[in-house]
Amino acid sequence: MVCFYDKHTHRDSLVLTDEHGTALVPLREGAYCAEAYGTDGSRLNLDDRHKEKASRCLQVRSNQTVEFSLTLAHDVKYSNTVPSLGIR
């Protein structure tokens, strides 16, 4: 999962990625930063290249497509299965 957030407007979008970590995310125009999360809701560590906020942020403009990526740290254990949502 990836959360795109805008601290100025308090807008955020939490998106589920596919088994390859890819998602198409329609965002309103604005400036966003991103964090990666595991299916258990815990924030995942990013590769050193993404430790700086500037490398985790993007500018979204109207009528424009932006390709953006985050790379997880090499020691992150990631599961692409979503926990059961059944009633207990």
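Up top is the structure these notes are about.
Residues numbered from 1 in each chain as written. Predicted model: local features only at pLDDT ≥ 70, side-chain atom pairs only at ≥ 80, totals over all residues. Heavy atoms only, no water.

1. Focus on the pairing of strand E2 (residues 11-15)
Relative to E2, strand E1 (residues 2-6) runs antiparallel, the two sharing five bridges. Along E2, the bridge assignment pairs Asp6 with Arg11. Between the end of E1 and the start of E2, which pair antiparallel, lie four residues, with His10 showing a positive phi angle near 65°. (Pairing = 2+ DSSP bridges. Helix = DSSP H or I, 4+ residues; strand = E, 2+ residues; numbered from the N terminus.)

2. A word on the environment of His8
One can find His8 in the loop between E1 and E2. Residue His8 is classed as exposed on the basis of its relative accessible area, which comes to 74%. Counting along the chain gives 24 residues from His8 to Tyr32, while the straight-line C-alpha distance between them is 9.4 Å. (Buried < 20%, exposed > 50% of the residue type's maximum accessible area, 1.4 Å probe, protein only.)

3. So, the sheet that holds strand E3 (residues 30-36)
Spatially, four strands are ordered E2-E1-E3-E4 in an open sheet, and the strand pairing comes out antiparallel. Pairing within the sheet leaves two strands with one partner each, and these edge strands are E2 and strand E4 (57-60). Across the sheet, the mean angle from the axis of one strand to that of its neighbour is 25°, orientation sign disregarded. (Axes fitted to C-alpha atoms, helices over the stretch in contact; angles between N-to-C directions.)

4. Brief notes about unusual backbone geometry
Unusually for a residue other than glycine, His10 sits at a positive phi of about 65°. His10 sits in the exposed class, given a relative accessible area of 69%. Backbone geometry places Asn63, a non-glycine residue, at a positive phi of 60°. Exposure remark for Asn63: the relative accessible area of 82% places this residue in the exposed category.

5. A look at the pairing of E3
Taking burial as the measure, the seven residues of E3 include six buried ones, the bulk of the element. Alignment of E1 against E3, held across four bridges, turns out to be antiparallel. Across the sheet, Phe4 pairs through a bridge with Ala34, a residue of E3. Bridge count for E3 against E4 is four bridges, and the pairing is antiparallel. The residue bridging Cys33 from the neighbouring strand is Cys57, located in E4.

6. Points about the nonpolar core
Counting residues in hydrophobic clusters, the biggest one holds eight residues: Val2, Phe4, Val15, Leu27, Tyr32, Ala34, Leu58 and Val60. Elements with a minimum of two residues in this core: E1, E3 and E4. Residues within four places of Leu27 in sequence aside, it is in contact with Phe4, Ser13, Tyr32 and Val60. (Core = buried A, V, L, I, M, F, W, Y, C linked by side-chain atoms within 4.5 Å. Contact = heavy atoms within 4.5 Å.)

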